[in-house]
Amino acid sequence: MRSLDEFAGEKLGVLERAKLRRTPWVTARAGIWAECGGQRLLSFSCNDYLNLSQHPEVVAAAIAATRLYGVGAGASRLVTGNHPLHAELESRLARLKGTEAACIFGSGYLANTGIIPALVGPRDLIVVDELSHACIHAGAKLSGATVKLYRHVDIADAEAQLTAHRSGKKRALIATDGVFSMDGDLAPLAALSELAQRFDAWLLSDDAHGIGVVGGGRGSSFTNGECDVPLQMGTLSKAVGAYGGYLCASRAVIDFMYTRARTFIYSTGLPPPVVAAAVAALDIIESQPAYVAQPLRKARLFTRALNLPEAQSAIVPVIVGDAETALAASELLRDEGFLVVAIRPPTVPEGTARLRFAFTAQHPDGEVERLADVVRQRVLRR
Ligand SMILES: Cc1ncc(COP(=O)(O)O)c(C=O)c1O
């Protein structure tokens with residue numbers, strides 16, 4: 001339809017002029033290497049923090065499951081798509097996170113857009129860290145609850161929002177990333193847990209970037225001892241190297257999800273090979289603590305070399321300002337053989353476009369040091 005194409009074309013033109021148009025470049029990954037636009041680059045833009053997506057044991061598990069059970073689950077879990085492997089993965093996740101039960105979803109995005117509206121609705125309150133991932137904001141919006149944002153990791157502001165808006169609301173949820181996806185810092189979960197108890201609110205943390213990396217691989221609720229986070233959500237698509245989302249919680253909450261989370265009920269079960277791969281990856285995460293420690297160690301090598309605040313996770317941002325500068329910085333690094341994708345609004349707030357460095361277990365120390373040198377000389381110019 002002409003008007004439809006005109007609409008899309010005009011919008012694209014506006015985005016192009018603001019340097020905000022995006023293109024899904026074809027990228028072939030081989031371990032830490034990525035082939036992109038005809039160049040072979042050392043990638044610091046991949047969330048496969050433990051390089052498990054191509055680990056021989058993980059790949060073998062996926063192949064064996066494919067041969068045995070086929071590629072797809074064939075139906076939603078509540079019809080005929082509930083495979084024995086699904087239950088195995090759920091009990092493994094619950095064990096890792098120290099909860100009674102777990103429920104897996106089609107993706108992390110689908111997890112938050114299912115969990116949040118299942119728990120809270122129009123008469124309720126959600127208090128959200130402003131820099132939480134888009135799928136927390138989407139789930140909050142879908143729920144119809146009153147949503148109040150608090151300033152990033154600012155406990156006093158979270159408390160102020162609860163003080164101002166909790167009364168008169170039936171239920172309340174506090175939602176935050178455990179490790180912030182674009183900043184790499186950790187949520188103050190112990191303090192949020194204390195607030196949640198004081199205001200009779202439920203705490204949900206999205207540990208997409210924490211599992212397999214911080215807290216000995218158990219995630220951000222385990223970084224300083226263990227803190228009480230009754231809703232531990234996350235994804236299997238990053239350090240676990242596979243795909244799918246999860247919620248670890250009490251038996252009652254998980255049984256409720258099976259019955260009420262729409263993205264669980266009305267979506268096909270995860271493919272058996274992906275589930276088998278995730279189980280094999282959890283075997284590695286649980287049995288190899290020295291390997292699990294590597295991404296954070298590499299990130300700290302980088303932050304120390306550049307005199308940046310010490311990395312708290314495998315993610316280190318270098319904020320450069322506007323989208324054009326971020327794109328130019330990314331190009332400079334590409335010339336030096338590094339793939340570091342520029343992150344621009346609306347993924348990050350206006351004026352905070354950045355290079356987002358993601359460190360993985362197999363990045364050689366020497367290359368991390370060379371990257372730091374190049375960033376110092378060509379991006380930070382000091
Ligand atoms: C913090 C956070 N939550 C959720 C997601 C979504 O997970 P998935 O890719 O499994 O949909 C991501 C990234 O993709 C993320 O960074």
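Residues numbered from 1 in each chain as written. Predicted model: local features only at pLDDT ≥ 70, side-chain atom pairs only at ≥ 80, totals over all residues. Heavy atoms only, no water.

Caption draft 1: Inspection of the site of the ligand at higher detail. Near the ligand there are 13 residues, and of these Gly108, Asp206, His209, Thr235 and Lys238 occur at the shortest range. Contact distances for the ligand include 3.0 Å between an oxygen atom and a backbone N or O atom of Tyr109. A distance of 2.8 Å is found between an oxygen atom of the ligand and a side-chain nitrogen or oxygen belonging to Lys238. Protein chains bury 86% of the 380 Å² of accessible surface belonging to the ligand in isolation. Residue classes in the shell around the ligand are distributed as 3 nonpolar, 7 polar and 3 charged. (Near = heavy atom within 4 Å. Polar contact = N/O pair within 3.5 Å; in protein donor to acceptor, adjacent residues only side chain to side chain. Areas by Shrake-Rupley, 256 points an atom, 1.4 Å probe, with all protein chains shown as cover. Nonpolar A, V, L, I, M, F, W, Y, C, P; charged D, E, K, R; others polar.)

Caption draft 2: Structural context of a nonpolar patch on the surface. A cluster of nonpolar residues, Met1, Leu4 and Phe7, forms a patch on the protein surface that exposes about 400 Å² of accessible area. Secondary-structure assignment places Phe7 in helix H1 (residues 2–17). (Patch = residues over 30% accessible without salt bridge, like charges linked within 9 Å, V, L, I, M, F, W, Y side chains within 5 Å. Salt bridge = Lys/Arg side-chain N within 4 Å of Asp/Glu carboxyl O. Helix = DSSP H or I, 4+ residues; strand = E, 2+ residues; numbered from the N terminus.)

Caption draft 3: Here's a closer look at the pattern of salt bridges. In total, this model carries 23 salt bridges according to the counting rule given. Residue Asp283 pairs with Arg92 through a salt bridge whose shortest N-O separation is 2.7 Å. Taken together, the residues span a long stretch of sequence, with Asp283 in helix H10 (residues 272–287) and Arg92 in helix H3 (residues 84–97) at a distance of 191 residues. For Glu194, the salt bridge goes to Arg198, with nearest N and O atoms at 3.1 Å. Linking Glu194 with Arg198, this pair stays in helix H7 (residues 189–198), spanning 4 residues, or about one helical turn.

Caption draft 4: A look at the environment of Gln39. For Gln39, the location among the structural elements is in strand E3 (residues 39–43). For the pair Gln39 and His133, spaced 94 residues apart in sequence, the C-alpha to C-alpha distance is 31 Å. Residues contacting Gln39, with those up to four places away along its chain left out, are Ala34 and Arg334. (Contact = heavy atoms within 4.5 Å.)

Caption draft 5: Layout of unusual backbone geometry. Residues Pro345 and Pro346 are joined by a peptide bond in cis, for which omega reads 10°. Tracing the backbone through its elements, the reader meets Pro346 in the loop between strand E13 (342–343) and strand E14 (353–358). Its identity is not glycine, yet Asn51 carries a phi of approximately 55°, on the positive side. Summarising the element assignment, Asn51 is placed in the loop between E3 and helix H2 (56–69).

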